[in-house]
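If you want the building blocks of each chain, they are given just below.
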Amino acid sequence: MKLLVTGGAGFIGSNFILHILKTYPEYQVTNLDLLTYAGNLENLASLENDSRYRFVKGDIADRDLVDGLVASCDAVVHFAAESHVDRSIMNPNIFVETNVLGTQVLLDAAKKHGKRFHHISTDEVFGSLGPDDRAFSESTPYDPRSPYSASKAGADHLVRAYFHTYGLPVTISNCSNNYGPYHFPEKLIPLVITNLLEGKTAPVYGDGRQVRDWLHVEDHCRAIDRILHDGRLGETYCIGGDGERENIWIVKKIIEILGEGEDVIEYVEDRPGHDRRYAIDHKKITEELGWQPQVRLESGLEATVRWYQENQDWWKRVKSGAYQEYYEKQYQKR
Ligand code: NAD
Ligand code: TYD
């Protein structure tokens, strides 16, 4: 099978390409990625001389480029996006351009050439849960509340519209917060780990009691693999990690793993419109496709901390580059 993976130089996309080529040695992958601040080809350095893998630098909103690439693949797996909520609060434009308009360009090409399309989305499209609310599932109404989640919701609606209107063979997955290797250090877990390794503080927004459902990126890749091969067309699958924890729990766990003291915690100003709780009920994919998360949060976190300890060159380069300017600005704001 020939896959066109978009956003394959990012966190989840690069883990997915590594997973696919390991699991299916006969597959071929083309990675279309614009290499924004979040894209990093170092993640895929092990594939540089692998004839099954090809990298194309470009924008998913570039119709001519996308048309040719989609024409020559069997299926599109679409990860490319602007992915950080805090950045979407500062500049929503690029989120609409990439996440909504870029997705539509890909859909048009998939429609023209009759290609299978899998779209990666987020649980954030469902809004925010109270402490006793039932977890999100495939039937939860959409209620996005940040520019990021609104742009992802817009993309999801377009993907479904192309299924119903044009019969495009699509599937969608809405997953919870991922963690693991190659996670860009602007997100909570890699930011806290790398800050502590640098002797800095761990910034906690508001009271730190917000809840996320943490999913190891390898479990996520296995779930996408199952949906791509055996998912029912037109269907949505929710993917969660059975890892609901308050942010402060996560921060304290990382502190414990690194043998630091809790004085490194720095409570900072809260994110505007901060969603309180996300949680996923993954019964559908478990019953239909036999998938369930295999990585327990405690052991997954320990392995992730070790990965950042052993790959300091990777994150130090990332943090000292374009990321640094953004990071300083965020801190000045608070
Ligand atoms: P990421 O920010 O690490 O990577 C995004 C990649 O997309 C980067 O390599 C970037 O260069 C590329 N990209 C951005 N704009 C592009 C464009 N216009 N054309 C081509 N490439 C472009 O993101 P991630 O965390 O790997 O997330 C991947 C997908 O999963 C996204 O669609 C995101 O919404 C979704 N998701 C992520 C999480 C999470 O916890 N990280 C949770 C739920 C859903
Ligand atoms: P993040 O990793 O940005 O993912 P998302 O906003 O998509 O869930 O944030 C995870 C949680 O951690 C979220 O509740 C915001 C919080 N957070 C902090 O408390 N401090 C930080 O420095 C960051 C980046 C996030």
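**Student:** I'm lost on the overall build of the protein in this one. Help?
**Tutor:** Looking only at helices and strands, the protein features twelve helices and 13 strands. Viewed in the frame of its principal axes, the protein has a C-alpha envelope of about 55 × 45 × 40 Å. The buried share among the 334 residues of the protein stands at 55%. Considering only residue pairs separated by 6 or more positions, the protein has 83% of its internal contacts joining residues 24 or more positions apart. Within the structure as shown, the protein displays about 13,900 Å² of accessible surface, and the carbon and sulfur contribution to it stands at 47%.

**Student:** Looking at this structure, I do not really get the site of ligand 2. What am I missing?
**Tutor:** In the neighbourhood of ligand 2, 17 residues make up the surrounding shell, with Glu 124, Arg 212, Asn 247, Arg 271 and His 274 lying closest. Here an oxygen atom of ligand 2 and a side-chain polar atom of Asn 247 are 2.9 Å apart. Expressed as a share of its isolated accessible area of 510 Å², the protein-covered part of ligand 2 is 96%. If you list the elements that add at least two residues to the shell around ligand 2, you get helix H6 (188-197) and strand E8 (202-205). Tallying contributions element by element places E8 first for the shell around ligand 2, with three residues. Residues belonging to the shell around ligand 2 are distributed by class as follows: seven nonpolar, five polar and five charged.

**Student:** So what exactly am I meant to see when it comes to the packing of aromatic side chains here?
**Tutor:** How two aromatic rings sit relative to each other is set out by the distance from centre to centre and by the angle between their planes. Applying the stated rule across the entire model yields 13 aromatic pairs. Between Phe 16 and Phe 79 the ring centres are 5.3 Å apart and the planes differ by 50°, which places this aromatic pair in the tilted class. Within this pair, whereas Phe 16 is found in helix H1 (residues 11-23), its partner Phe 79 is found in the loop between strand E4 (75-78) and helix H3 (85-90), the two being separated by 63 residues in sequence. We note that Phe 16, like Phe 79, is buried.

**Student:** Teacher, can you tell me more about the pairing of strand E2 (residues 28-33) here?
**Tutor:** As a general feature of sheets, a regular strand has side chains that alternate between the two faces. With five of its six residues buried, E2 lies for the most part within the structure. The pairing of strand E1 (residues 2-6) with E2 spans five bridges and is classified as parallel. In the sheet register, Thr 6 faces E2, and the bridge partner there is Leu 32. Bridge count between E2 and strand E3 (residues 53-57): five bridges; the pairing is parallel. By the bridge assignment, Val 29 is partnered in E3 with Tyr 53.

**Student:** Even after reading the chapter, I still don't get the sheet that holds E3, so can you show me in this structure?
**Tutor:** Sheets are built from strands that pair by backbone hydrogen bonding, the pairs being arranged parallel or antiparallel. Sheet architecture is open: seven strands sit in the order E3-E2-E1-E4-E5-E6-E11, paired in parallel fashion. Both edges of this open sheet fall to E3 and strand E11 (236-239), since each of them pairs with a single strand only. In this sheet, neighbouring strand axes are inclined to one another by 20° on average, regardless of whether the strands run parallel or antiparallel. The strands touched by helix H5 (residues 147-166) are strand E5 (116-122), strand E6 (170-175) and E11; relative to E5, the strand with the most contacts, the crossing angle is about 155°. Its contacts with the sheet place helix H7 (residues 217-230) against E1, E4, E5, E6 and E11, and it is angled at close to 145° to E5.

**Student:** Which parts of the structure should I look at to understand the site of ligand 1?
**Tutor:** In the vicinity of ligand 1, 28 residues are found, and the nearest of them are Ile 12, Asp 33, Ser 83, Tyr 148 and Lys 152. At 2.9 Å from a nitrogen atom of ligand 1 is found a side-chain nitrogen or oxygen belonging to Asp 59. Within the contact set of ligand 1, a nitrogen atom lies 3.0 Å away from a backbone nitrogen or oxygen of Ile 60. Isolated, ligand 1 exposes 840 Å² of accessible area, and the fraction of that covered by the protein chains is 96%. Listing elements by their share of the shell around ligand 1, those giving two or more residues are H1, E5 and H5. At three residues, the largest contribution of residues to the shell around ligand 1 is made by E5.

**Student:** What should I look at first to understand the side chain of Glu 186 in this one?
**Tutor:** By the secondary structure assignment, Glu 186 is in the loop between strand E7 (178-179) and H6. At a separation of 2.7 Å, a polar atom in the side chain of Glu 186 contacts the side chain of Tyr 37. Reaching out from Glu 186, the side chain makes a polar contact with the side chain of Arg 87 at a distance of 2.8 Å.

**Student:** Would you take a moment to explain helix H10 (residues 297-310) for this structure?
**Tutor:** One full turn of an α-helix is made of 3.6 residues, so residues set three or four places apart face in the same direction. End to end, H10 covers 20 Å across 14 residues, agreeing with the expected 20 Å (1.5 Å per residue, within 8%). Within H10, the full set of buried residues consists of Leu 297, Gly 300, Leu 301, Thr 304, Val 305, Trp 307 and Tyr 308. End-on view of H10: buried residues confined to an arc of 155°, all on one side of the axis. Looking at the buried residues of H10, the elements they touch are E7, H6, strand E10 (215-216), strand E12 (244-246), helix H8 (247-257) and helix H11 (312-320).

Calculation rules
- Residues numbered from 1 in each chain as written.
- Chains lettered and ligands numbered in written order.
- Predicted model: local features only at pLDDT ≥ 70, side-chain atom pairs only at ≥ 80, totals over all residues.
- Heavy atoms only, no water.
- Helix = DSSP H or I, 4+ residues; strand = E, 2+ residues; numbered from the N terminus.
- Buried < 20%, exposed > 50% of the residue type's maximum accessible area, 1.4 Å probe, protein only.
- Contact = heavy atoms within 4.5 Å.
- Areas by Shrake-Rupley, 256 points an atom, 1.4 Å probe, with all protein chains shown as cover.
- Near = heavy atom within 4 Å.
- Polar contact = N/O pair within 3.5 Å; in protein donor to acceptor, adjacent residues only side chain to side chain.
- Nonpolar A, V, L, I, M, F, W, Y, C, P; charged D, E, K, R; others polar.
- Phe/Tyr/Trp six-rings, centres within 6.5 Å; stacked < 30°, edge-to-face > 60°.
- Pairing = 2+ DSSP bridges.
- Axes fitted to C-alpha atoms, helices over the stretch in contact; angles between N-to-C directions.
- Expected span 1.5 Å × (residues − 1).
- Arc of directions from axis to C-beta.

The quantities given are spatial measurements derived from coordinates; they are silent on function.
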